[in-house]
Amino acid sequence: MEVFPWLLVLSVWWSRTWDSANADSIIHIGAIFDESAKKDDEVFRTAVGDLNQNEEILQTEKITFSVTFVDGNNPFQAVQEACELMNQGILALVSSIGCTSAGSLQSLADAMHIPHLFIQRSTAGTPRSGCGLARSNRNDDYTLSVRPPVYLNDVILRVVTEYAWQKFIIFYDSEYDIRGIQEFLDKVSHQGMDVALQKVENNINKMITTLFDTMRIEELNRYRDTLRRAILVMNPATAKSFISEVVETNLVAFDCHWIIINEEINDVDVQELVRRSIGRLTIIRQTFPVPQNISQRCFRGNHRISSTLCDPKDPFAQNMEISNLYIYDTVLLLANAFHKKLEDRKWHSMASLSCIRKNSKPWQGGRSMLETIKKGGVNGLTGELEFGENGGNPNVHFEILGTNYGEELGRGVRKLGCWNPVTGLNGSLTDKKLENNMRGVVLRVVTVLEEPFVMVSENVLGKPKKYQGFSIDVLDALSNYLGFNYEIYVAPDHKYGSPQEDGTWNGLVGELVFKRADIGISALTITPDRENVVDFTTRYMDYSVGVLLRRAEKTVDMFACLAPFDFSLWACIAGTVLLVGLLVYLLNWLNPPRLQMGSMTSTTLYNSMWFVYGSFVQQGGEVPYTTLATRMMMGAWWLFALIVISSYTANLAAFLTITRIESSIQSLQDLSKQTDIPYGTVLDSAVYEHVRMKGLNPFERDSMYSQMWRMINRSNGSENNVLESQAGIQKVKFGNYAFVWDAAVLEYVAINDPDCSFYTIGNTVADRGYGIALQHGSPYRDVFSQRILELQQSGDMDILKHKWWPKNGQCDLYSSVDTKQKGGALDIKSFAGVFCILAAGIVLSCLIAMLETWWNKRKGSRVPSKEASSLKNETTISERRNTWPLKPCLKLGGNTWRSQTSSHGLHQSAQLGGPLDDP
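Starting afresh in each chain, residues are numbered from 1 along the sequence in its written order. In view of the model being predicted, local features appear only for residues whose pLDDT reaches at least 70, and side-chain atom pairs are presented and counted only at 80 or more, with totals across whole chains, interfaces and linings using the full set of residues. Excluded from the side-chain calculations are hydrogens and water; all other atoms, namely the structure's heavy atoms, are used.

Visitor: Give me the lowdown on the overall build of the protein, citing residues and values where you can.
Guide: Secondary structure elements follow DSSP: runs of H or I of four or more residues count as helices, runs of E of two or more count as strands, with numbering from the N terminus. For the protein, the helix and strand inventory stands at 31 helices and 32 strands. Here's how the labels work: a residue is buried when its accessible area is under 20% of the maximum for its type, exposed when over 50%, partly exposed in between, all with a 1.4 Å probe on protein chains only. Counting the 919 residues in the protein, one finds 46% classified as buried. In this analysis, two residues are considered to be in contact whenever any of their non-hydrogen atoms come within 4.5 Å of each other. Pairs at least 24 apart in sequence give 74% of the contacts found in the protein among residues at least 6 apart. Each accessible area value is a Shrake-Rupley result obtained with a 1.4 Å probe; residue values ignore everything except the protein chains displayed when judging cover. Surface summary for the protein: the accessible area is close to 48300 Å², and the carbon and sulfur share equals 53%.

Visitor: An account of the sheet that holds strand S21 (residues 485–490) is needed here, citing residue identities and associated values.
Guide: The criterion for strand pairing is that DSSP finds at least two bridges linking the strands in question. Spatially, five strands are ordered S21-S18-S22-S30-S23 in an open sheet, and the strand pairing comes out mixed. Two strands lie at the open edges of the sheet, namely S21 and strand S23 (535–536), each paired on one side alone. For strand S22 (residues 519–520) and strand S30 (residues 773–774), the ladder comprises two bridges, and the chain directions are antiparallel. Bridge pairing links Ile519 to Leu774 in S30. Strands strand S18 (442–447), S21 and S22 of the sheet are contacted by helix H16 (residues 470–482), whose axis makes an angle of about 160° with S21. Working convention: axes come from line fits to C-alpha atoms, limited for helices to the stretch in contact. Angles between N-to-C directions cover 0 to 180 degrees.

Visitor: If you had to explain the packing of helix H19 (residues 567–590) against helix H20 (residues 605–616) to someone new, which residues and values would you point to?
Guide: One way to put it is that H19 packs onto H20 with a least axis distance of 8 Å and a crossing angle of 130°. Between H19 and H20, the angle falls in the class oblique. Of the two elements, H19 crosses H20, and the hand of that crossing is right-handed. Every residue of H20 that contacts H19 at Ile573, Val577, Leu578, Val580, Gly581, Leu582, Val584 and Tyr585 is listed here: Leu605, Ser608, Met609, Val612, Tyr613 and Phe616. Think of it as three bins: nonpolar holds Ala, Val, Leu, Ile, Met, Phe, Trp, Tyr, Cys and Pro, charged holds Asp, Glu, Lys and Arg, and polar takes everything else, Gly as well. The residue inventory of the contact of H19 with H20, partitioned by class, reads 12 nonpolar, two polar and no charged. Orientation categories follow fixed angle ranges, with anything under 35 degrees roughly parallel, anything over 145 roughly antiparallel, 65 to 115 roughly perpendicular, and all other angles oblique. Should the near helix be turned anticlockwise from the far one by less than a right angle, the crossing is left-handed, and should it be turned clockwise, the crossing is right-handed.

Visitor: Which residues make up the UniProt feature "binding site: L-glutamate" (unreviewed entry) in the protein, and what are the values?
Guide: If you check UniProt for "binding site: L-glutamate" (unreviewed entry), the listed places come out as Thr525, Arg530 and Asp742 in our numbering. As for its position among the elements, Thr525 is in the loop between S22 and helix H18 (528–531). A residue is classified by how much of its surface remains accessible, and Thr525, at 2% relative accessible area, is buried. Not counting residues up to four positions away in its chain, the partners in contact with Thr525 are Arg530, Phe536, Tyr543, Ala686, Arg768, Gly769 and Tyr770. Tracing the chain through its elements places Asp742 in strand S27 (residues 738–742). UniProt positions are given in the numbering used here, feature names are shortened, and annotations may be inferred rather than shown by experiment.

Visitor: A description of helix H27 (residues 781–794) should follow, citing residues and the corresponding values.
Guide: One less than the number of residues in a helix, times 1.5 Å, gives the span that helix is expected to have. When the terminal C-alpha atoms of H27 are compared, their 20 Å separation across 14 residues agrees well with the 20 Å that a helix rising 1.5 Å per residue should span. The complete set of buried residues in H27 reads Val783, Phe784, Ser785, Arg787, Ile788 and Leu791. On its buried face, H27 sits against S18, H16, S22, S30 and helix H28 (796–804). Gly795, located one to two residues past H27, shows a positive phi value of around 90°.

Visitor: Any details on the environment of Asp177? Residues and values, ideally.
Guide: Relative to the assigned elements, Asp177 resides in the loop between strand S6 (167–173) and helix H7 (182–190). Relative accessible area serves as the criterion here: at 29%, Asp177 is assigned to the partly exposed category. Sequence separation between Asp177 and Arg128 is 49 residues, and the spatial gap between their C-alpha atoms is 8.1 Å. We call two N or O atoms a polar contact when they sit within 3.5 Å, provided that within protein one can donate a hydrogen and the other can accept it, with sequence-adjacent residues counted only if both atoms are side-chain atoms. Among the polar contacts listed, one links the side chain of Asp177 to the side chain of Arg179, at a separation of 2.9 Å.

Below you can see the structure in the form of structure tokens.
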């Protein structure tokens, strides 16, 4: 490239030498180039040289030319230089400048009747904007637009529509006139698309640094999300620098899709852009037909093009701009027009024209030359070059290139389709995400230990830890289906993540924000704050807030058999037994009953009491009382005893099978209204923030959260809150405390507690869910979400849930009593009081028996003479009875008695008043 200035000097010297040597040439053209278009001048001179060597076109005639350079933004200078060229006498004017000076040259050419072939040029390869040259239907329009109109609006609209984009951002460089895509912006606005615009400054590094300095993390991540779909309208050099900066600063992720549109993109630029980018890249550029036969690439009909322009391997050809190609074809077109004029012998000699004079006349042969140029056409480096009725070149073709999604650099590029204004889009464009095949991908997974979501299953020294749990099962299901592998590690601070004072994040979320991990999985809930910095899949399990409490312990009551009746009722029953016994004795004393013969019962107070008690416990014998009053009393007593014993039996069965110990806390509302049991959660957790936001929200209708926040926030949260969930669970088990945490975690703890000492309460409404967190802009989000939905629809997700939360667990989740879900068998504790009463009765009876024995012995030792005489009398009577003759019966006092042989019978006969006769 360093030889170009020397070539330019030689070209200028050769041009002047040629002008002096061919001063009598009848073909002279003028050229005005932008001062930055040095390569246009080189190509122009090369084209003239090639045509002057081709005798078949111009025969013996040679083309002479005059070239001048102007400031593209200075129309006055352009007009002044054009007048100088016209003063020399030119057949046509060729210009390669911007839109600013094109209008002035158009007016001058129209006035002087000089055919003006205009090649629109943009500064530094920036995409073109329409010049908007005024076209009239009159015959005084002498300007022909060699380059086709700007179709960028039509092409990009079709591509965006095919990709079904609804939200994207457009980046444009400082040299681009944004009015060039105004038509496109209007159309997408009417279609409801969300489009943002941002100008890319020349100092891209400073621009990116300013973004990081002025934006908070939430704003920066929203900006990253916007960058996932972007259109770059800029020159290739700026596009390369911009892509490199955003990739190096992690502003884009692997699922981004960018479209670069520019006519001035060559093959070298394409490879470089693909190499620097990640994600998917679509490139739209203008393309030209290339002969299939390699040997014919430098031949266009009877004209041979210089190899430096047509050989793809030539460095000069590889770096040619589109305007250079149109410059060559313009010279070729003019040469063919001149050839035709010479053949038709309708040549109009050149005339020296003056633009300064008011009465200067235009060139008389201008109209004829213009018509010849417009009717002609050539097949050159740009393909078919011809003009329509409006003086424009309608032939243009766009090529659409693209890559697939991926994170590796230097991906291959392929042709996706093509577009032209006649047939439109030829090809199918779809914005497909990552395919289901992720084999060979190794993801780094960060987690936090939380039963039953993630737990360590095996920890062997020297080997990686193995994990299990519900979240691990979900991750394995995704891995088996999609084919990826993963490496898992625990977050260094064992926290889920929360924003810090400096705006950064800690914990699991912080690992994703700083891109140290690809995905994060645990009992991680989806919250708005977290969604601002990371991406989440769809929820794979519903989330609700629960409370873990300790069950009320059953106290061992040895006298549970007395529980059916109150103490006062037992006292009344005991008093009633004594009272009725006393009344029975008094009634029999006032009106002695007539006892049947042989009756052994006496109407003593002791016997009355014993009889009433025996009948109360349904163990009474024969009724010894025959008076009407006594029978009425005993009938009422028996009815009373029947009702009391039946009620006791029924209540005793209920008390022994149903425990009536109930807790006063059965809901979150009950928890918030009481202060006897303190409660809290994990400090700075999602539950903590949820209660805080609800409690401090003045528009929250339910006062429950404000009451809960006052308890949780005691001493700035240090009094009732814990640092880890396991600490909260242990605090509930061994103290007077209630732990507010994820309901799913608490249910698992309550189900699997060996002592069944917990029960849970919670909110049945699931307002959030558990999700898998990924880096912001991760390409795996949609793939994971789709697979999770498939697991839910097929029922496989429910199977995984039942593995960790079985329906029939060993403990009752919602019962506040310390019982296990077994049958209603009674244990020894229920009847301990009965056995105690029996033991007391046995001990008491033994003591009484011992006391009676002792008393009888003591009494016998005090009155030996009486007992001895009594024994002697009984012996004498016995001897006498043995001497009495046996008689079948005795009649005494009208009563017949059988003979009695015992002393007791004799004594009884004596008591009845009948003397015993000797035989």
